[in-house]
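Next come the chains, spelled out residue by residue.
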Amino acid sequence: MTVRWDIFCTVVDNFGDIGVTWRLARQLVAEHQCTVRLWVDDLRAFERLCPEIDVSLGEQWQQGVQVRHWPKEWLPTEAADVVIAAFACQLPSAYMDAMAERQTTPLWMNLDYLSAEDWVVGCHGLPSVKYKHVQKYFFFPGFQAGTGGLLREAGLLERRRQFQQNAQAQRIFLQGLGVDREADACLISLFAYENAGLASWFDAMAADTQAFHVLVPEGRVLGDVERWLGGDGLKVGALHRRGALTVQVLPFVRQDQYDQLLWCCDFNAVRGEDSFVRAQWAGRPLLWHIYQQEEDVHLEKLEAFLRLYTQGLSPAAQKAISGLWRAWNAGQDMTEHWKATRQEQQELAEHAQAWCLEQASRADLAAALVKFYGNWI
Ligand code: TRH
């Protein structure tokens with residue numbers, strides 16, 4: 001008998017909530033033979049990542065996952081064996097009753113936000129609140145032993161390695177997006193929130209002797225890019241050249257294509273949670289724009305990650321990458337930090353590979369969830 005899972009996702013903003021839950025749902029089906037319903041309240045956000053989604057349907061199958069539109073008026077539904085509330089979303093009260101009424105009590109978990117902070121290890125797997133006799137548990141993704149790990153599909157790194165070794169496959173992929181890569185240009189992807197530091201970073205690249213080609217998928221940072229270009233209307237595909245820098249806006253691609261984009265690039269600027277993890281699996285140096293939270297709590301998360309990530313780097317490389325990330329997240333001048341990062345690029349590139357392998361030596365998040373359930377029953 002397959003285990004039935006219900007994953008609940010409310011799209012708060014952006015694409016991280018649906019990005020993470022969609023990835024998890026597919027993996028549970030493909031690799032663990034689970035039966036998965038994914039309840040999503042905003043199918044339009046989902047459609048951006050997976051264009052096959054029909055936003056008019058209450059129920060549809062996508063890649064083996066039963067996708068359910070989470071209606072405002074909840075209809076009576078039988079609870080599953082395992083229930084995941086992603087990012088502390090509130091389940092419908094009638095569904096919680098259904099959980100409590102089940103003959104076999106389901107395992108109820110909150111899939112939390114990703115953080116490298118130390119306290120995560122102590123809290124992962126602990127009981128949280130109870131509804132009637134149904135106990136909820138905290139499940140924390142993370143980078144350290146003792147956490148729930150990171151989402152990583154089976155064979156991902158092998159697929160990535162093959163793609164990165166295949167210049168022809170990369171060329172075809174990029175051409176499909178309208179990108180012609182010049183042989184000596186450093187290719188950079190840029191996915192970020194609005195950022196006041198962008199102009200100084202672009203200035204630094206434009207003034208360099210090395211050529212840069214920055215690919216910007218449509219999104220929130222485009223306003224800053226447009227301002228830097230002097231109000232040149234940005235059209236998808238068009239090339240904008242300033243000195244050594246070429247800027248090109250890309251369409252927002254489907255989620256699996258975004259991986260390939262990261263794999264093609266020498267350096268990836270990413271944000272939030274899911275793209276941040278995917279850039280790590282790309283094995284290339286990265287720049288993280290963390291999701292801003294009230295009272296600057298995100299800055300502690302940034303520092304916690306930097307502490308882990310920069311271990312083993314030379315002091316110069318450590319200083320360069322930490323300085324770059326801090327400046328980017330404060331919207332400050334990037335010029336000197338970018339220069340320093342360029343100087344350390346060889347070491348940072350090797351380090352990105354080593355970090356990726358170290359993280360991949362741990363159990364992935366889907367496997368850890370399945371194991372948690374196995375231990376629990
Ligand atoms: O969109 P985000 O900023 O999401 C954020 C964060 O997850 C944040 O932690 C959370 O609190 C907030 O949402 C609500 O960044 P993230 O997490 O990287 O998600 C983006 C998703 O979009 C990811 O799955 C990759 C995908 N993507 C594509 O599919 N195609 C694209 O072209 C791009 C640029 C991204």
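All residue numbers here refer to positions counted from 1 along the written sequence of the relevant chain. Local features in this predicted model are restricted to residues of pLDDT 70 or higher, and side-chain atom pairs are both shown and tallied only at a pLDDT of 80 or more, whereas totals for entire chains, interfaces and linings draw on every residue. Computation of side-chain values: all heavy atoms of the structure, hydrogens and water removed.

> An account of the pattern of salt bridges is requested, with residue identities and associated values reported.
We define a salt bridge as a contact between a side-chain nitrogen of Lys or Arg and a carboxyl oxygen of Asp or Glu at a distance within 4 Å. As enumerated under the stated definition, the model contains 18 salt bridges in all. Here Glu182 and Arg241 are joined by a salt bridge, their closest N and O atoms 3.5 Å apart. Linking Glu182 in the loop between α6 (167-176) and β9 (186-190) with Arg241 in strand β11 (residues 239-242), this pair joins segments that are 59 residues apart in sequence. Exposure classes here rest on a 1.4 Å probe applied to the protein chains alone. A residue is buried below 20% of its type maximum, exposed above 50%, and partly exposed in between. A relative accessible area of 42% means that Glu182 is categorised as partly exposed. With its nearest N and O atoms 3.5 Å apart, the salt bridge here joins Lys339 to Glu336. In this pair, Lys339 and Glu336 both sit in helix α13 (residues 335-343), 3 residues apart, roughly one turn of the helix. By relative accessible area, which is 53% here, Glu336 ends up exposed. Residues participating in the shared-partner salt-bridge network are Arg23, Glu153, Asp259, Asp274 and Arg278. The helix count covers DSSP runs of H or I at least four residues long, the strand count covers runs of E at least two residues long, and both are numbered beginning at the N terminus.

> Talk me through the site of the ligand; I want residue IDs and the actual numbers.
Here, proximity means that at least one heavy atom of the residue falls within 4 Å of the molecule or strand. Taken together, 22 residues lie near the ligand, and Tyr193, Val253, Arg271, Asp274 and Ser275 sit nearest. Whenever a nitrogen or oxygen atom comes within 3.5 Å of another N or O atom, the pair is scored as a polar contact, on the condition that within protein one atom can donate a hydrogen and the other can accept it, and that pairs from neighbouring residues in sequence are kept only if both atoms are in side chains. Within the backbone of Val253, a nitrogen or oxygen atom sits 2.6 Å from a nitrogen atom of the ligand. Ser275 has a polar side-chain atom sitting 2.6 Å from an oxygen atom of the ligand. Method for areas: the Shrake-Rupley scheme with a 1.4 Å probe, in which residue coverage is limited to the protein chains shown. When the free accessible area of the ligand is taken as 710 Å², the share hidden by the protein chains comes to 98%. Sorting elements by how many residues they give to the shell around the ligand places helix α1 (residues 16-32) first, with 3 residues. For this scheme, ten residues count as nonpolar: Ala, Val, Leu, Ile, Met, Phe, Trp, Tyr, Cys and Pro. Four count as charged, namely Asp, Glu, Lys and Arg, and the remainder, Gly too, count as polar. Along the lines of polarity and charge, the residues of the shell around the ligand split into 10 nonpolar, 6 polar and 6 charged.

> How would you explain the domain arrangement of the protein chain if you had to name every residue and give the values?
Boundary definitions for the domains trace back to an automatic or database domain assignment. Partitioning the protein chain into structural domains gives domain 1 (4-150 + 363-376) and domain 2 (156-360). Distance from the C-alpha centre of domain 1 to the C-alpha centre of domain 2: 29 Å. Should any heavy atoms of two residues lie within 4.5 Å, those residues are considered in contact. Residue-level contacts link 24 residues of domain 1 with 23 residues of domain 2. Summed over both sides, the interface of domain 1 with domain 2 buries roughly 2,100 Å², with 52% coming from carbon and sulfur. Inspection of the domain 1/domain 2 interface yields 2 salt bridges. Where Arg254 meets Glu52, a salt bridge forms, and the shortest distance between an N and an O atom there is 2.7 Å. Summed over the shared surface of domain 1 and domain 2, the result is 9 residue pairs in polar contact (both at pLDDT 80 or more). At the level of secondary structure, the elements contributing two or more residues to the side of domain 1 that touches domain 2 comprise α1 and α2 (43-49). Ranked by the residues each element gives to the side of domain 1 that touches domain 2, the list is headed by α1, at 5 residues. A simple way to read buried area is as the amount of 1.4 Å-probe accessible surface that goes missing from two parts once joined, with both sides added.

> Can you explain unusual backbone geometry? Please cite residues and give values.
Backbone phi values are negative for most residues with the exception of glycine, while trans is the configuration of most peptide bonds. Its identity is not glycine, yet Phe87 carries a phi of approximately 50°, on the positive side. Within the secondary structure, Phe87 sits in the loop between β5 (82-86) and α3 (93-101). Positive phi, normally seen in glycine, also occurs at Ala88, with a value near 60°. Among the structural elements, Ala88 can be located in the loop between β5 and α3. Overall, the relative accessible area of 52% leaves Ala88 in the exposed class.

> Give a description of the pairing of strand β1 (residues 4-9) that names residues and reports values.
β1 sits mainly inside the fold: 5 of its 6 residues count as buried. Here a strand pair is declared whenever DSSP counts at least two bridges between the two strands. Both β1 and strand β2 (residues 35-40) contribute to a ladder of 6 bridges, which runs parallel. What sits directly across from Trp5, in β2, is Val36. The handedness rule is simple: strands pointing away from the viewer, and a clockwise path from the first strand over the helix to the second, make the crossover right-handed. You can see the chain leave β1, run along α1 and come back into β2, and the turn it takes is right-handed. In this structure, β1 lies alongside β5, joined through 4 bridges in parallel fashion. Of the residues in β5, the one forming a bridge with Phe8 is Ala85.

> Give a description of the pairing of strand β14 (residues 286-289) that names residues and reports values.
Judged by which residues are buried, β14 turns out to be covered on both faces: Leu286 and Trp288 on one side and Leu287 and His289 on the other are all buried. Of the pairings in the sheet, the one linking strand β13 (residues 267-271) to β14 comprises 4 bridges and is parallel in character. Within β14, the residue paired with Arg271 across the bridge is His289. Handedness of the crossover joining β13 and β14 through helix α10 (residues 274-281): right-handed.

> Before we move on, can you summarise the packing of aromatic side chains with the specific residues and values?
Note on aromatic pairs: the rings of Phe, Tyr and Trp (six-membered ring only in Trp) are paired at centre separations within 6.5 Å, and the planes decide the class, stacked below 30 degrees, edge-to-face beyond 60, tilted for the rest. Applying the stated rule across the entire model yields 40 aromatic pairs. Aromatic side chains Phe163 and Phe173 sit 6.1 Å apart centroid to centroid with 80° between the ring planes, which places their arrangement in the edge-to-face category. In this pair, Phe163 is assigned in helix α5 (residues 156-165) and Phe173 in helix α6, connecting sequence segments 10 residues apart. Accessibility assignment for this pair places Phe163 and Phe173 in one class, buried. Between Tyr193 and Tyr291, the ring centres sit 6.0 Å apart and the planes meet at 65°, which makes this aromatic pair edge-to-face. Residue Tyr193 is located in the loop between β9 and α7 (198-206), and its partner Tyr291 is located in the loop between β14 and α11 (297-309); the two are separated by 98 residues in the primary sequence. Here a set of aromatic residues connected by ring pairs shows up, and it is made of Phe143, Phe276, Trp288, Phe305, Tyr309, Trp325 and Trp355. In this structure, Arg48 is placed above the aromatic ring of Phe252, and the distance from its NZ or CZ to the ring centre is 4.6 Å. Comment: the charge-over-ring label is applied if NZ (Lys) or CZ (Arg) is within 6 Å of the ring centre and within 35 degrees of the ring normal.

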